[in-house]
Amino acid sequence: QVQLVESGGGLVQAGDSLRLSCVASGRTFNWYTMGWFRQAPGKEREFVASITWRGGSTYYADSVKGRFTISRDNAKNTVYLQMNSLKPEDTAVYYCAADYFGRAAATKMGEYDYWGQGTQVTVSS
């Protein structure tokens, strides 16, 4: 089992930045592909970004490309999501997820085996 705990969410204004963190505990974290998803009220959960275990491959949703950056520190069992130039449409609960099989391009919810409880990000206009 892997436990994931997100933090760093909050209320910000449009144009501001936030950095989300996700700390993993339990089974060895290093080879997992890690991802961030988000779910806005009344909408389905959607892919935001993912990173392979060595950080060699990253993927982003078109809506966040150029504004968000995913990174990881395997020594700290932590994955980050740096969010810049935030927009009101980025408002959502953000979830961290782990893909046990370490896929190079894990962008679907079904490819992830473990999930955090989520952290709320609210961007006011």
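Model, not experiment: these values are computed from the prediction.

Basis of the calculations
- Residues numbered from 1 in each chain as written.
- Predicted model: local features only at pLDDT ≥ 70, side-chain atom pairs only at ≥ 80, totals over all residues.
- Heavy atoms only, no water.
- Helix = DSSP H or I, 4+ residues; strand = E, 2+ residues; numbered from the N terminus.
- Rg over C-alpha atoms; globule rule 2.2 N^0.38 Å.
- Polar contact = N/O pair within 3.5 Å; in protein donor to acceptor, adjacent residues only side chain to side chain.
- Contact = heavy atoms within 4.5 Å.
- Disulfide = S-S within 2.5 Å.
- Buried < 20%, exposed > 50% of the residue type's maximum accessible area, 1.4 Å probe, protein only.

**What to know about the overall build of the protein chain**
No. 1: Within the protein chain one finds zero helices and eleven strands.
No. 2: Scanning the protein chain from its N terminus toward the C terminus, one meets helices and strands in the order β-β-β-β-β-β-β-β-β-β-β.
No. 3: In terms of overall dimensions, the protein chain is globule-like: its C-alpha atoms have a radius of gyration of 13 Å, near the 14 Å expected for 125 residues.
No. 4: Over its C-alpha atoms, taken along the principal directions, the protein chain stretches across nearly 40 × 25 × 25 Å.

**Here's the deal with the side chain of D99**
No. 1: By the element assignment, D99 lies in strand β9 (residues 92-99).
No. 2: Here R103 takes part through its side chain, which lies 2.7 Å from a polar atom of the side chain of D99.
No. 3: D99 has contacts with Y32, T33, A106, E111, Y112 and D113, leaving out every residue within four places of it along the chain.

**Quick notes on the environment of F68**
No. 1: Topologically, F68 is positioned in strand β7 (residues 68-73).
No. 2: Distance from F68 to V48, taken between C-alpha atoms, is 8.7 Å for residues 20 residues apart in sequence.
No. 3: Here F68 is in contact with R38, V48, Y60, L81, Q82, M83, N84, L86, D90 and Y94, once residues within four sequence places are set aside.

**A closer look at the state of the cysteines**
No. 1: Summed over the entire model, instances satisfying the criterion amount to one disulfide.
No. 2: Here C22 pairs with C96 through a disulfide, and the sulfurs are 2.1 Å apart. Taking the torsion about the sulfur-sulfur bond, which here is approximately -75°, the covalent link between C22 and C96 counts as left-handed. Taken together, the positions of C22 in strand β3 (residues 18-26) and C96 in strand β9 put the pair 74 residues apart, joining distant regions of the chain. Assigned by exposure class, C22 and C96 land together as buried.

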